[in-house]
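Secondary and tertiary structure notes
Next come the chains, spelled out residue by residue.
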Amino acid sequence: MNLELDIRVTRGAFRLEVASRLTSATTGIFGPSGAGKTTLLHALAGLVRPDNGRIVLDDTVLFDSSRDVSVPVHKRHVAVVFQDGRLLPHLTAAGNLRYAEGLALAAGLREPTLAFDRIVQLLDLGSLLGRRPHHLSGGETRRVALGRALLAQPRLLLLDEPLAGLDHARKEQLLPFLRQAQLATGIPMVMVSHDLGEILHLTDQVMLLRDGRVIGQGNLFDLVQQHEPLAVLRGAGLINVLRLRVREHREDWGITFLEPLDQTTAVAPPVLKASLHANLAPGAETWAMLRPEDVALALGPVERISMQNQLRGRIHKIVRTESRTLCLVDVGAELMVDVTHHTADDMALVEGKAIWCLFKAQALTLGTSGTSSSPAN
Amino acid sequence: MTPAEWEALWLSVKVALACVAVLAIPGLLLGWLLARKQFIGKHVLVALIHIPLVVPPVVTGYLLLLVFGSRGVIGQWLESSLGFSLAFTWKAAVLASAVVAMPLMVRSVAIAVELVDRRIEDSARTLGASPLRVLATVTLPLAAPGILSGLTLAFARSLGEFGATITFAGSIEGETRTLPLAIYNCIQSVGGDAPALRLVVVSVLVSAAAMVVSEILARRARRRLGGTG
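Residues numbered from 1 in each chain as written. Chains lettered and ligands numbered in written order. Predicted model: local features only at pLDDT ≥ 70, side-chain atom pairs only at ≥ 80, totals over all residues.

A count of helices and strands for chain A gives ten helices and 21 strands. At 22 Å, chain A has a C-alpha radius of gyration in line with the 21 Å of a compact globule built from 377 residues. In terms of its C-alpha atoms, chain A occupies a principal-axis envelope of roughly 65 × 50 × 35 Å. Counting every position in chain A, which comprises 377 residues, the buried fraction comes to 44%. Taking contacts inside chain A between residues at least 6 apart in sequence as the whole, the part at least 24 apart equals 70%. (Helix = DSSP H or I, 4+ residues; strand = E, 2+ residues; numbered from the N terminus. Rg over C-alpha atoms; globule rule 2.2 N^0.38 Å. Buried ≥ 20, exposed ≤ 12 C-beta atoms within 10 Å, placed from the backbone. Contact = placed C-beta atoms within 7 Å.)

Let us now look at the overall build of chain B. Helix and strand content of chain B: ten helices and zero strands. Of the regular secondary structure in chain B, the N- to C-terminal order runs α-α-α-α-α-α-α-α-α-α. The C-alpha extent of chain B, read off along each of the three principal axes, is 65 × 45 × 30 Å. When the 229 residues of chain B are sorted by exposure, 42% land in the buried category. A separation threshold of at least 6 residues defines the contact pool for chain B, and within that pool the share at least 24 residues apart is 73%.

Below, the discussion takes up the nonpolar core. If you look at the biggest cluster of nonpolar residues, it comprises 172 residues, and the most contacted ones within it are Leu158 and Cys357 of chain A together with Cys19, Ala96, Met105, Val109 and Ala154 of chain B. When residues in this core are grouped by element, the largest group, 17 residues, is from helix 5 (residues 90–115) of chain B. Residues contacting valine 109 of chain B, with those up to four places away along its chain left out, are Gly27, Leu28, Gly31, Trp32, Ala143, Gly146, Ile147 and Gly150 of chain B. (Core = buried A, V, L, I, M, F, W, Y, C linked by C-beta atoms within 7 Å.)

Residues and elements named next belong to chain A. Sheet architecture is open: five strands sit in the order 16-20-17-18-19, paired in antiparallel fashion. Strands at the two margins of the open sheet, each flanked by one partner only, are strand 16 (296–298) and strand 19 (334–340). With strand direction ignored, the average angle separating the axes of adjacent strands in the sheet is 45°. The pairing of strand 17 (residues 309–320) with strand 18 (residues 324–330) spans six bridges and is classified as antiparallel. Counted as the bridge partner of lysine 317 is leucine 328 from strand 18. (Pairing = 2+ DSSP bridges. Axes fitted to C-alpha atoms, helices over the stretch in contact; angles between N-to-C directions.)

Moving on: the sheet that holds strand 15 (residues 285–290) of chain A. Each strand in a sheet pairs with another by means of backbone hydrogen bonds, the pair being arranged parallel or else antiparallel. All names here are of chain A. Strand order in the open sheet formed by five strands is 14-13-12-15-21, with antiparallel pairing between adjacent strands. Each edge of the sheet is formed by a strand with only one pairing partner; in this case those strands are strand 14 (272–275) and strand 21 (365–366). In the sheet, strand 12 (residues 240–250) pairs with strand 13 (residues 255–260) via six bridges, with the strands oriented antiparallel. The residue of strand 13 that forms the bridge with valine 246 is leucine 258.

Before going further, it helps to spend a moment on the interface of chain B and chain A. Taken residue by residue, the interface counts 17 residues in chain B and 23 residues in chain A. Listed by contribution, the elements that provide at least two residues to the side of chain B that touches chain A are helix 6 (118–126) and helix 7 (131–160) of chain B. With seven residues, helix 6 of chain B is the single largest residue contributor to the side of chain B that touches chain A. The residue makeup of the side of chain B that touches chain A, split by class, is eight nonpolar, five polar and four charged. (Nonpolar A, V, L, I, M, F, W, Y, C, P; charged D, E, K, R; others polar.)

Here the focus is unusual backbone geometry. All names here are of chain A. The phi torsion at arginine 86 lies on the positive side, around 50°, for a residue other than glycine. Locating arginine 86 in the fold gives a position in the loop between strand 7 (78–81) and helix 3 (93–106). Residue classification places arginine 86 among the buried residues on the basis of 23 C-beta atoms within 10 Å. Unusually for a residue other than glycine, aspartate 211 sits at a positive phi of about 50°.

Let us look at helix 6 of chain B. The buried count for helix 6 of chain B comes to seven of nine residues, which makes it a mostly enclosed element. Where the residues of helix 6 of chain B are buried, they touch helix 1 (37–45), helix 2 (73–76) and strand 7 of chain A together with helix 7 of chain B. Positive phi appears at glycine 128 of chain B, one or two residues downstream of helix 6 of chain B, with a value of about 115°.

We now examine the environment of valine 71 of chain A. All names here are of chain A. Structurally, the position occupied by valine 71 is in the loop between strand 6 (69–70) and helix 2. Each C-alpha atom of the pair valine 71 and leucine 311 lies 52 Å from the other, and the pair is 240 residues apart in sequence. Setting aside residues up to four positions removed in sequence, valine 71 forms contacts with Gly46, Leu62, Phe63 and Arg76.

All names here are of chain A. In terms of burial, strand 9 (residues 189–193) is largely enclosed, as five of its five residues are buried. Burial along strand 9 is two-sided: Met189, Met191 and Ser193 and Val190 and Val192, pointing in opposite directions, are all buried. Both strand 3 (residues 26–30) and strand 9 contribute to a ladder of five bridges, which runs parallel. Within the sheet, the bridge partner assigned to isoleucine 29 lies in strand 9 and is valine 192. Bridge count between strand 8 (residues 156–160) and strand 9: four bridges; the pairing is parallel. Along strand 9, the bridge assignment pairs leucine 157 with methionine 189. Where the polypeptide runs from strand 8 across helix 6 (residues 168–185) and back to strand 9, its parallel neighbour, the crossover connection is right-handed. (Right-handed = clockwise from strand over helix to strand, strands pointing away.)

Residues and elements named next belong to chain B. Viewed as axis vectors pointing N to C, helix 7 and helix 10 (residues 193–224) meet at an angle of 175°, and their least axial separation amounts to 9 Å. One way to sum up the angle between helix 7 and helix 10 is to call them roughly antiparallel. Here Ala144, Pro145, Leu148, Ser149, Thr152, Phe155, Ala156 and Leu159 of helix 7 lie close against helix 10, whose contacting residues are Val206, Ser207, Ala210, Ser214, Leu217, Ala218, Ala221 and Arg222. (Parallel < 35°, antiparallel > 145°, perpendicular 65-115°, else oblique.)

Right, dumping it as structure tokens:
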């Protein structure tokens, strides 16, 4: 995907100014409430007309004020999964899905990977098909809305806070479906969220918005090395999201062993220990969240301590803010570790230094529902 | 009931159904237009549509007679070029009640369309639905209960139409003498009390039946849309 954006939008006293280029298959737009995230999505979809500027998706000019071009919403093939689902209330779930399918067929789009039965299977919608929207739960509504958007066969899928308002358990159930959709369909996605963890489940390519302007864009680990982006990210609860594969369970120890999926460097891949999640089959992909402040640093391995995870790594970046020091440690996966200035000075932490990262098995919050390592193709 | 009374009943129903049929499409379009579009002269259009609601029906009837009567601008043209005479036929009764019922229909549709969540329409647009398709597959189905009640109001208003009809269409037995006109005619004649009462009962029954049918349809439509009905 190549999405070029250079727009200005005024909504009352609020002003959004974005000039950027998105090339990653999935990009997360992150920012606090009122940062202009939804306005930006609406401008992409054509629901909001920018004051001026240009939006180009691959070879198609969607909007260009200087040439008076503004492709109408229904011709953009940019689908949106709205926060509240917005299903058609007079149709069943199946009716909603068929509605989008019919529009795609009418537009001559027949991508077999996005056929009705496949999407129903992918998102496990079979049992919901006969129900009307007001008989669907919040999570089910969003799954149907996601399926409907995919069946429209969009060139770009916009996700507007797709998990907002769901409780923790429901979010965990829905996230794997989003991931499946991303992997199995290959449709470029832009996801807006005020929850960094949600975004990092799908991508580490992040655009940071605050007060209507972009204050940083790129890989998360690059962003945390910059002053202003880091401040925003920390304010929102900076978190490590590790994509992992289950290796095995030791029920007698109460431990599940995992290994990272995306290994960054030549450092030997670590084996991570989490508290037992026997429901995850060995080989299954899952994720874990680890708070940067839950990781301790040591200059060597520590014996006779309850920290089950002791990973050897190397500090490749140190970022000092007013109050804390953030270390980026390469342990075979990239890990953000949050320590006090005092610790950093006391241990003489410098970039390049070999270091051990210690954390308890319970500090790894595992996603309870794994996805099969080969999505149903 | 005498054959003449049956005829009045049948004529009333025929005129009311024709009135609804004539009103349906323009009523929908005007209602949607008023609810969703801004255009120059909108206030004038609104005022024009609502005139029949606020002036005495006899005024509406007289204005219709002036325009569509055999000496009226349009009436004369119709007669000379098409050989078609409107005034004092059952079609005049249809036109009279349609004009009188129009504001009721348009208001109902406009309110129903205004209540349709535009964000639902937006979601259909992002899936690739053209504006016309959004109107047909989202807006109108979601506004169905209001549209239905508009049509019912028009039907009921037509059944009860008196002033504009008697002025523009007259009270010609078998042609324009609908139930209200027949009742009035009975009351005016000696010994007409019994037939008048019969027609009053029939009139009440027909109107009540129309209301019941519309309520059932509206409830079904609301239930389909997820309300409790």
